[in-house]
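Read off the chains here:
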Amino acid sequence: MRPAHTPLAAPSAAGPAGTAAAAGIAGPGRRTVLAVLAGAGASLAVGAGAGRAQAADGCTVRLTARPSAETERVRLAQALRASEFQPTGRYVPANTALKITVLPYDEVLPTLWIGQWDYYGTLTEPRRYALKPGTNTITDPHGGPVYFSLEGDGERAAVTFGSASGSVPMPVFRLGQTEEADFQRQLDTYTDVPVVELHGPRSIMTLTRDGALLYRDEDHAALLTLVEKIIGTESDISGLDGSKPVHRPKAGGYHFTEVSVVPSGVGAYATHGYNGFPRAYLDRATTVSGLGTRGWGLYHELGHLHQQFAYKPGGLTEVTVNIYSLAVQRALGQTSNLLTVDAATGLTYFQSARAKFGTAGLTYEKSFGAYEKLVPLRQLELAFGEDFWPRLHRLVREENPASASTETAKRYRALATYASRVSGYDLTDFFLTTWAFPIDAEGRAELAALHLPEPPVDPAALTD
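Once a new chain begins, its residue numbering starts again from 1 and follows that chain's sequence as written. With pLDDT at 70 or above as the cut-off, local features in this predicted model cover only qualifying residues; side-chain atom pairs require 80 or more to be listed or tallied, and sums for whole chains, interfaces and linings still use all residues. Side-chain metrics rest on all non-hydrogen atoms present in the structure, leaving aside hydrogens and water.

**Remarks on the pairing of strand β4 (residues 86–92)**
Within a regular strand, the side chains alternate between the two sheet faces.
Thinking step 1. Exposure classes here rest on a 1.4 Å probe applied to the protein chains alone. A residue is buried below 20% of its type maximum, exposed above 50%, and partly exposed in between. Elements are defined by DSSP. Helices are runs of H or I of four residues or more, strands are runs of E of two residues or more, and each kind is numbered from the N terminus. Burial of β4 is extensive: seven of the seven residues sit out of reach of the surface.
Thinking step 2. The rule for pairing is simple: two strands pair if DSSP sees at least two bridges between them. Judged from the four bridges that link them, β4 and strand β9 (residues 144–149) form a sheet pairing that is antiparallel. Bridge assignment links Tyr 91 to a residue of β9, and that residue is Pro 145.
Thinking step 3. Of the strand pairs in this sheet, β4 and strand β11 (residues 168–169) are connected by two bridges, and their pairing is antiparallel. Bridging from a neighbouring strand, Arg 90 pairs with Pro 169 of β11.

Following this line, the structure appears as structure tokens:
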């Protein structure tokens, strides 16, 4: 599996600092609903419900402030930032003056973003523009979709696109608002706009026009409903139940975007702000059947935007991410990838891993394959309940222990000690003896200091 680039602890808001790329393990491969139409002037409230931004004579985008993506990353104790974009449904051509009027009702100013994410492409990220109250004129050399971000806590602002704003409407399908026939009409009308978007309450899917046309006959309401279910499932296993302020779901949504290129061997990737999918993966990302039955790559990449850093040493970047992938498989009624039978051995990953227990020189990082490494994480759920990982996520958020990506031993220690605390049992034998995790002497001492009883059942004996 292609290793992930390590994200910086506090990367620049202007661009990605790291990626997590999916390849071999990924099997088949590796927001807000825009606003309510407020009237004939096509006024829309971003961050509320869904609406239409398709009036050629302009529109007003109403914004509600929320915490920045970096603020949310820190609160959630996660490794990657997710999206903070509030989409508009507008597109501005290259070298075209965009004229907008900013109305900071509560004295908070939005930030304008123009362009598309494409980490490995020529243009790697949207361009960021600071705005001032009143009239603003911005000319972007490349053009692209128009987004806003507004940092704060419920403050309000609005941005008006006049009839001569320089922007044009994009084809947009908004879950709960757009009829399929209307979306098809948009695709046939806005033929000069090279970008198409699908908006759900917690999702933005940005596609090239050519990419969107490949699967234009899909039921886009069903597709976005499925995307929202996947997001909800990963939120649930992350323990984002709102039981405390620190456990509320992430502000804003998640951005899935078609990208122009990926490195050889990479099916898709995750980095700060979004998940990137090449056109070859769209059959699994933008079709109901594909996403519902073969969408492991999307579940996996979205999982990277939920991973917590405290127990994620580099060697587990492509392992703990699949806690979320497996949860989605269960939610969608799929057979677990861990039960895949290897044609050469006739064994599932549970069985092939078990056959290695106790062998000479056994080490977790080197002796087990990618899916085998995932087995003990699933066994913790089987032994201690489906709420094991939600409880662990909540505890980590509440304590939010500091660690750097280079502190491998510390993060392995954290996995073993947090797992023992959440289960209520001493898991020293499970981690050190059976699975040969690299828990150092300090970690062994921390486990012993918990003074927990032995588990009534050996988690390593369990299987789906």
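**Observations regarding the packing of helix α12 (residues 388–399) against helix α13 (residues 408–423)**
Thinking step 1. Axis definition: a line fitted to C-alpha atoms, over the contacting stretch in the case of helices. Angles run 0 to 180 degrees between N-to-C directions. In the contact formed by α12 and α13, the axes pass within 10 Å of each other and the chain directions differ by 115°. The crossing of α12 and α13 is right-handed. Contact residues: α12 offers Phe 388, Trp 389, Arg 391, Leu 392, Leu 395, Val 396 and Glu 399, while α13 offers Leu 415, Tyr 418, Ala 419, Arg 421, Val 422 and Ser 423. When the near helix sits turned anticlockwise from the far one by under a right angle, the crossing is termed left-handed; a clockwise turn instead gives a right-handed crossing. Contacts are assigned to residue pairs that have any heavy atoms within 4.5 Å of one another.

**A word on the nonpolar core**
Looking at soluble globular proteins, one finds that nonpolar side chains tend to be buried together.
Thinking step 1. Within this scheme, the nonpolar core is defined by two criteria: the residues are buried Ala, Val, Leu, Ile, Met, Phe, Trp, Tyr or Cys, and they are joined through side-chain atoms within 4.5 Å. Counting residues in each nonpolar core, the largest one holds 78 residues, and the members touching the most others are Trp 389 and Phe 431.
Thinking step 2. Once residues lying within four places of it in the same chain are set aside, the contact partners of Phe 431 are Leu 380, Leu 415, Ala 416, Ala 419, Ala 436, Phe 437 and Ile 439.
Thinking step 3. One finds Val 108, Tyr 129, Leu 150 and Val 159 within the second-largest nonpolar core, a separate group that totals 20 residues.

**A look at the pattern of salt bridges**
Thinking step 1. For this analysis, a salt bridge means a side-chain nitrogen from Lys or Arg found within 4 Å of a carboxyl oxygen belonging to Asp or Glu. If you walk through the whole model with that rule in mind, you get 24 salt bridges.
Thinking step 2. With a closest N to O distance of 2.8 Å, Arg 127 and Asp 140 form a salt bridge. Of this pair, Arg 127 sits in strand β7 (residues 127–130) while Asp 140 sits in strand β8 (residues 134–140), and the two are 13 residues apart along the sequence. You'll find Arg 127 and Asp 140 in the same group, each marked buried.
Thinking step 3. For Asp 464, the salt bridge identified is with Arg 378, shortest N-O distance 2.8 Å. In this pair, Asp 464 sits in the segment after α15 (441–449) while Arg 378 sits in helix α11 (residues 370–384), placing the two residues 86 residues apart along the sequence.

**Focus: the side chain of Ser 336**
Thinking step 1. Of note, Ser 336 is situated in the loop between α8 (322–331) and α9 (349–354).
Thinking step 2. Between N or O atoms, a polar contact is any pair within 3.5 Å; within protein, one atom must be a potential hydrogen donor and the other a potential acceptor, and residues adjacent in sequence are included only when both atoms are from side chains. There is a polar contact of 3.0 Å between the side chain of Ser 336 and the backbone nitrogen of Leu 338.

**Quick notes on helix α4 (residues 220–237)**
Thinking step 1. For a helix, the expected span equals 1.5 Å multiplied by the number of residues minus one. Helix length check: α4 (18 residues) gives 26 Å between terminal C-alpha atoms against 26 Å at 1.5 Å per residue, within 8%.
Thinking step 2. Residues of α4 that are buried: His 220, Leu 223, Leu 224, Leu 226, Val 227, Glu 228, Ile 230, Ile 231, Thr 233, Glu 234, Ser 235 and Ile 237.
Thinking step 3. The residue sitting at the N-terminus of α4 and contributing the capping side-chain oxygen is Asp 219; that oxygen lies 3.2 Å from the backbone nitrogen of Ala 221.
Thinking step 4. Just downstream of α4, Gly 239 is the residue with a positive phi angle, here 70°.

**Details of the packing of α4 against helix α7 (residues 296–304)**
Thinking step 1. Direction vectors running N to C along α4 and α7 enclose 45°, while the axes themselves pass 11 Å from each other. Comparing the axis directions of α4 and α7 gives the class oblique. Here α4 and α7 pass one another in a crossing that is right-handed. Within the contact between the two elements, α4 uses Ile 230, Ile 231 and Glu 234 and α7 uses Leu 298, Tyr 299, Leu 302 and Gly 303.
Thinking step 2. By residue class, the composition of the contact of α4 with α7 is five nonpolar, one polar and one charged. Throughout this description, any angle smaller than 35 degrees is read as roughly parallel, any larger than 145 degrees as roughly antiparallel, any in the 65 to 115 degree range as roughly perpendicular, and the remainder as oblique. Residue classes follow a fixed rule: Ala, Val, Leu, Ile, Met, Phe, Trp, Tyr, Cys and Pro count as nonpolar, while Asp, Glu, Lys and Arg count as charged, and any other residue, Gly among them, counts as polar.

**What to know about the confidence of the model for the chain**
Thinking step 1. The predictor reports its confidence for every residue as pLDDT, a score running from 0 up to 100. Mean pLDDT over the chain stands at 89; residues scoring 70 or higher make up 88%.
Thinking step 2. The model gives residues 1–56 a pLDDT under 50, and that stretch makes 216 contacts with residues more than four places away or in other chains.

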